[in-house]
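An overview of the molecular structure
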Amino acid sequence: MNDALDLLKSRRSIRKYKNKPVEEEKIQKCLEAARWAPSASNKQPWEFLIVTDEKVRMKLSEIHPYAKFVSESPVVFVPLTNPEIHQKYHMSDSALATMQYMIEAHSIGLGTCWAGVIGSSLEPEIKELLDVPDNLNVLGLVATGYANEEPTRTRKELEDLVHYEKY
Ligand SMILES: Cc1cc2nc3c(=O)[nH]c(=O)nc-3n(C[C@H](O)[C@H](O)[C@H](O)COP(=O)(O)O)c2cc1C
């Protein structure tokens, strides 16, 4: 088993993409990683949608003010949550699946950026565009492709976050 820390620390949200297609096998690996995420009672309250059509990606980028980059990324992963399967944890479980997708993508040389959708005023329009059934929610749009930038990011220090034994 390899230590995942370097992989986790080196992943960045990518908002500029190369004009280079993503191999289908790579997308399948990312989807497989998402499928194996943990979930409450192993209920797996998620489904996944992959969008590659350029016109649809352009439309998504017009609808979402903070996801312009989905017009550039050749693939958009759209995690869907099903509250009927788990009313309480559908969102957190599907977020874990999304994170696993993103980590696998990073480990095989792909960049991603998650743009939040669920609960926003944009969600109905995105659902309509993608023919998502009423009973499902769109968690977000995850741009996927070959990175054309190397962004840096900081984090809060552990000493400001961690408490031991009691708060
Ligand atoms: C739930 C969620 C929603 C996000 N929504 C957006 C978004 O709409 N647009 C965007 O550019 N980035 C979005 N991000 C990416 C964050 O801005 C990014 O993860 C954060 O700045 C840390 O940077 P890093 O991912 O490179 O470490 C989102 C991330 C998460 C987890």
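For Lys-127, the location among the structural elements is in helix α5 (residues 123-129). Of the buried charged residues, Lys-127 lacks a salt bridge, with Asp-134 as the closest side chain of opposite charge at 4.9 Å. A polar side-chain atom of Lys-127 sits 2.6 Å from the main-chain carbonyl oxygen of Leu-136.

What follows is about the environment of Pro-74. If you trace the backbone, Pro-74 turns up in the loop between α3 (54-63) and β2 (75-81). Once the C-alpha coordinates of Pro-74 and Asp-53 are considered, the two residues, 21 residues apart in sequence, prove to be 8.2 Å apart. Once you skip the residues sitting within four places of it in the chain, Pro-74 turns out to touch Lys-20, Pro-21, Val-22, Val-51, Thr-52, Arg-57, Thr-144 and Gly-145.

Looking at the ligand, there are 13 residues lining it, with Ser-13, Arg-15, Tyr-66, Arg-153 and Arg-155 nearest. Between the ligand and the protein, one listed contact pairs an oxygen atom with a side-chain N or O atom of Arg-15 at 2.7 Å. Taken by itself the ligand offers 620 Å² of open surface, and the protein chains cover 66% of this.

Attention now moves to α3. Of the residues making up α3, those classed as buried are Arg-57, Leu-60, Ser-61 and Ile-63. Relative to the axis of α3, the buried residues are bounded by an arc of 160 degrees and lie together on one face. Turned more than 90 degrees off the buried face of α3, the exposed positions are Glu-54, Lys-55 and Glu-62. Of the surrounding elements, those touching the buried residues of α3 are β1 (46-51), β2, α5 and β5 (140-145). Its side-chain oxygen at 2.9 Å from the backbone nitrogen of Lys-55, Asp-53 defines the N-terminal cap of α3.

Let us look at the pattern of salt bridges. Scanning the entire structure with this criterion turns up two salt bridges. Measuring nitrogen to oxygen at the nearest pair gives 2.7 Å for the salt bridge that ties Glu-32 to Arg-35. Of this pair, Glu-32 and Arg-35 both sit in helix α2 (residues 24-35), three residues apart, which is roughly one turn of the helix. Linking Glu-62 and Lys-59 is a salt bridge whose minimum nitrogen-to-oxygen distance equals 3.9 Å. Taken together, the residues Glu-62 and Lys-59, both in helix α3 and three residues apart, mark about one turn of the helix. With relative accessibility at 54%, the residue Glu-62 sits in the exposed group. Its relative accessible area of 35% is what places Lys-59 among the partly exposed residues.

This next bit is on unusual backbone geometry. Its identity is not glycine, yet Ser-41 carries a phi of approximately 55 degrees, on the positive side. With respect to the element layout, Ser-41 can be found in the loop between α2 and β1. Even without glycine at this site, Glu-165 takes up a positive phi of about 65 degrees.

Parameters at a glance
Residues numbered from 1 in each chain as written. Predicted model: local features only at pLDDT ≥ 70, side-chain atom pairs only at ≥ 80, totals over all residues. Heavy atoms only, no water. Helix = DSSP H or I, 4+ residues; strand = E, 2+ residues; numbered from the N terminus. Buried < 20%, exposed > 50% of the residue type's maximum accessible area, 1.4 Å probe, protein only. Lys, Arg positive; Asp, Glu negative; His and termini not counted. Salt bridge = Lys/Arg side-chain N within 4 Å of Asp/Glu carboxyl O. Polar contact = N/O pair within 3.5 Å; in protein donor to acceptor, adjacent residues only side chain to side chain. Contact = heavy atoms within 4.5 Å. Near = heavy atom within 4 Å. Areas by Shrake-Rupley, 256 points an atom, 1.4 Å probe, with all protein chains shown as cover. Arc of directions from axis to C-beta.

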